[in-house]
Amino acid sequence: MRFIFVILISSLAYLALAQDASSTLSSIIDAYENRNEEREEIWPMNSDRDLENEQTLLDSLNQILVGMEMDSLSDAELINKEMLELIIGDRLYHLNFESHTFPLNAEGGFLAGIIYRIRSTRINNNKAFEKYIQRLKALPKYFDQRKKQMRLGQSQGKSSPKLVVNNCINLIDQFLNTDVGKTFFDNVASEPEQKREIAKVLIEEVRPAYQDFQNFLTKEYLYNAPEAIGISEIRDGKAFYEQ
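Quick summary incoming for the structure in this document. Small disclaimer: the values here were computed from a predicted structure and weren't measured. (Residues numbered from 1 in each chain as written. Predicted model: local features only at pLDDT ≥ 70, side-chain atom pairs only at ≥ 80, totals over all residues. Heavy atoms only, no water.)

**Re the overall build of the protein**
- Helices and strands together make up the secondary structure of the protein, namely 10 helices and zero strands.
- Within the protein, contacts between residues at least 6 apart in sequence are counted, and of these 81% link residues at least 24 apart.
- Of the roughly 13700 Å² that the protein leaves accessible, carbon and sulfur atoms contribute 50%. (Helix = DSSP H or I, 4+ residues; strand = E, 2+ residues; numbered from the N terminus. Contact = heavy atoms within 4.5 Å. Areas by Shrake-Rupley, 256 points an atom, 1.4 Å probe, with all protein chains shown as cover.)

**A closer look at the packing of aromatic side chains**
- Applying the stated rule across the entire model yields 14 aromatic pairs.
- Taken together, a centroid distance of 5.4 Å and an interplanar angle of 85° make the contact between phenylalanine 110 and phenylalanine 213 edge-to-face. One end of the pair, phenylalanine 110, is in helix H5 (residues 110-119); the other, phenylalanine 213, is in helix H9 (residues 192-224), and 103 residues separate them in sequence. In this structure, phenylalanine 110 and phenylalanine 213 share a single accessibility class: buried. (Phe/Tyr/Trp six-rings, centres within 6.5 Å; stacked < 30°, edge-to-face > 60°. Buried < 20%, exposed > 50% of the residue type's maximum accessible area, 1.4 Å probe, protein only.)

**Focus on helix H3 (residues 48-66)**
- Here H3 is 19 residues long and its end C-alpha atoms lie 27 Å apart, about the 27 Å a rise of 1.5 Å per residue gives.
- Among the residues making up H3, those that are buried are Asp50, Leu51, Asn53, Glu54, Leu57, Leu58, Ser60, Leu61, Ile64 and Leu65. (Expected span 1.5 Å × (residues − 1).)

**A short note on a negative patch on the surface**
- A grouping of Glu130, Glu191, Glu193 and Glu197 is seen on the molecular surface, where their side chains present a negatively charged patch.
- Mapped onto the elements, glutamate 130 comes out in helix H6 (residues 126-137). (Patch = residues over 30% accessible without salt bridge, like charges linked within 9 Å, V, L, I, M, F, W, Y side chains within 5 Å. Salt bridge = Lys/Arg side-chain N within 4 Å of Asp/Glu carboxyl O. Lys, Arg positive; Asp, Glu negative; His and termini not counted. Charge placed at Lys NZ, Arg CZ, Asp CG, Glu CD.)

**What about H5?**
- For H5, the full list of buried residues reads Phe110, Leu111, Ala112, Ile114, Ile115 and Ile118.
- At its buried positions, H5 is contacted by H6, helix H7 (139-155), helix H8 (162-176) and H9.

Quick look at the structure:
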């Protein structure tokens, strides 16, 4: 993976010299939009290596954008360039601030992300169904990775507040107290045989993973979570809030 990123960055640097500004901007946009396509993971695990690679790439893209000759860009391209600079700058700030170590928010954070990802799933053939089952079976590992990162965050003084944590505990409660046949996980399938297999995976693997994560929130994370609401209250939070 590291080798792939080195090649990509070198190619972009070469293109910035060889292409006109319009073509270079188009290449940068493509590189940004496809920056995670080489990852083989089903859920965004945000490993240290992945985050390091992403930061290296975004730093390089940002340097090329800043040094780009703008005279030949159209008004629309100038707007795209400015927007991309803001988006990349914001993502770099999140990476430097290690926002992945406190991935919960008032809407659920990564828990809501799971819901959105599942609801956007379309099963129209056997291959899509098999991929969906793999995604469900990968959830326990995804939760374990999130717990690891959240423990690291709290050890560094970065944590979601108690109010947010309690909201997320309630969100998980809603799922655990809903019949598996009526959950958002089941709604993506229509064939009875598919629904039976999904229900089996939900009961044997997904529900236990959610229950384990809820136990982590209730018995460990909540105890160390701050009472104060707002990111400005955590370590380096004021600087983050003002950026």
